[in-house]
Amino acid sequence: MSDVFAELVGQDDAVDTLRRAAAAAADVLRNTAGAGAGMTHAWIFTGPPGSGRSVAARAFAAALQCVHGTGCGACPGCHTTLTGTHADVRLVVPEGLSIGVTEMRALVLRAASTPSGGRWQVVIVEDADRLTEAAGNALLKAVEEPPPRTVFLLCAPSTHPEDVSVTIRSRCRLVPLRQPPPGAVAEVLVRRDGIAPDVAQWAAAAAQGHVGRARRLARDPQAQQRRSAVLGVPRRLTGVGAAFDAASALIEAAEAEAEAAVAETDAAEKAALQTALGAGGTGRGAAGAARGSAGQIKELEKRQKSRATRAQRDALDRALVDLAGFYRDAVTAAVGAPVAPVHTDTAELSRAGAQKWTAEGALRRLEAVLECRQAITANVKPRIAVEAMMLALWKG
Ligand SMILES: [Zn+2]
């Protein structure tokens, strides 16, 4: 029997907490006399990318809307929440680099209304670390004085002040998720997605605990190809020119991947907007309407550009995580640590690197990759950060 929490891989502690909270929330609904007591209205789910922050938030939302109050996975409340059609569950998924204040204000306003299904109004904010400061303040007001039937579920990489403001953090109950062990990830790929056990094991290790990435690696030949290209980088770094070439290749691959990812949505959105605006018109008011539509098209283009930038950064970050895995394997090989390599298929190469560079040199290279990730997060131009990294990987 699989309920809504079955999708949460290797998170027994968190699932325990959420089950108990869902039961407590159901009690609140049953006992109107003591309504509100013991209920937590704001939650933060933290954990590394791929650990299942948004999966956990959605599962908990389903359990709150479940007619049995447990997250049975079968009732209309569970089902509509998980498919994203429940009238009282709002999901904010930032498409650009940040979530703006207008969006957040509108959301907070709607979240204050009485739940139409008679249970809870649930607002899920994915990537709460991408809230603008003004949006964070709008959210804080709601979290400080939550309407009696409203629950906020925030997802963020950590509770570091750069991710979530200290004041928001102090109002929320924390659900830390851990990086699921490769064994647990492989198990779910086999059970749920019907992937062959040996492929599942390879993908789970290569994805370093990222469930979604493991599934993509197991299934998508293009994702496999991109990974192979990234893991080919250390071998190709034979000089300054080669280092710059490798940087260009990495950046361009990320751009191509991002473009493919957003192209379809972009085209569909533009077509929909053009249809909505109608084509041309010559009557009175047409000039004003045309000015208005130009503004709307510009707005859409701005949003799409922001989404493309984010898709590029995400693609580049995936590549850097793969590369970090390679140098991590070199470090563990150099010090003789008894742990399995991240990338079994390049284990021989990372061992050879370990011999050539020694532990110290391998560690310096691993640090260069991690510094590059940090620099890009801190808004250093990706090309500049990647070029600096490639030179450091070559020189050691
Ligand atoms: Zn249910």
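Anything mentioned here points back to the structure above.
1. Re the nonpolar core
- With 35 residues, the main nonpolar core has Trp43, Phe45, Phe60, Trp120 and Leu153 as its most contacted residues.
- For this core, the secondary structure elements donating two or more residues are α1 (12-30), β1 (42-46), α2 (53-65), β3 (121-125) and β4 (150-156).
- Ignoring any residue separated from it by four or fewer positions in sequence, one finds tryptophan 43 in contact with Thr17, Leu18, Ala21, Phe60, Val151, Phe152, Leu153, Leu154, Cys172, Arg173 and Val175.
- Residues Leu250, Ala319, Ala324 and Trp357 belong to the second largest nonpolar core, which totals 32 residues.

2. Points about the side chain of serine 51
- Mapping serine 51 onto the fold places it in the loop between β1 and α2.
- According to the relative accessible area criterion, serine 51 is buried, its value standing at 2%.

3. Things to note about the coordination of the zinc ion
- For the zinc ion, the protein coordination sphere consists of Cys66 (SG), Cys72 (SG), Cys75 (SG) and Cys78 (SG), at 2.3 to 2.4 Å.
- One can describe the donor arrangement at the zinc ion as tetrahedral, given that its four donor atoms subtend angles of 104 to 117° at the metal.
- The motif formed by the donor residues of the zinc ion, counted along the single chain, is C-x5-C-x2-C-x2-C. When sorted by exposure, cysteine 66 lands in the same class as cysteine 75, which is buried.

4. Considerations on the pairing of β3
- Across the five residues that make up β3, a large majority, five, are buried.
- Of the two faces of β3, the one lined by Gln121, Val123 and Val125 and the one lined by Val122 and Ile124 are each fully buried.
- Sheet topology places strand β2 (residues 89-92) next to β3; four bridges connect them, and they run parallel. Across the sheet, valine 92 pairs through a bridge with valine 125, a residue of β3.
- One ladder, built from five bridges, connects β3 with β4; its direction is parallel. Bridged to valine 123 within β4 is phenylalanine 152.
- Between the parallel pair β3 and β4, the chain is carried across by helix α5 (residues 133-144), and the sense of this crossover is right-handed.

What counts, and where the lines are drawn
Residues numbered from 1 in each chain as written. Predicted model: local features only at pLDDT ≥ 70, side-chain atom pairs only at ≥ 80, totals over all residues. Heavy atoms only, no water. Core = buried A, V, L, I, M, F, W, Y, C linked by side-chain atoms within 4.5 Å. Buried < 20%, exposed > 50% of the residue type's maximum accessible area, 1.4 Å probe, protein only. Helix = DSSP H or I, 4+ residues; strand = E, 2+ residues; numbered from the N terminus. Contact = heavy atoms within 4.5 Å. Donors = N, O, S within 2.8 Å, 3.2 Å for Na, K, Ca; no water. Tetrahedral: all angles 85-135°; square planar, octahedral: opposite > 155°, others 65-115°. Pairing = 2+ DSSP bridges. Right-handed = clockwise from strand over helix to strand, strands pointing away.

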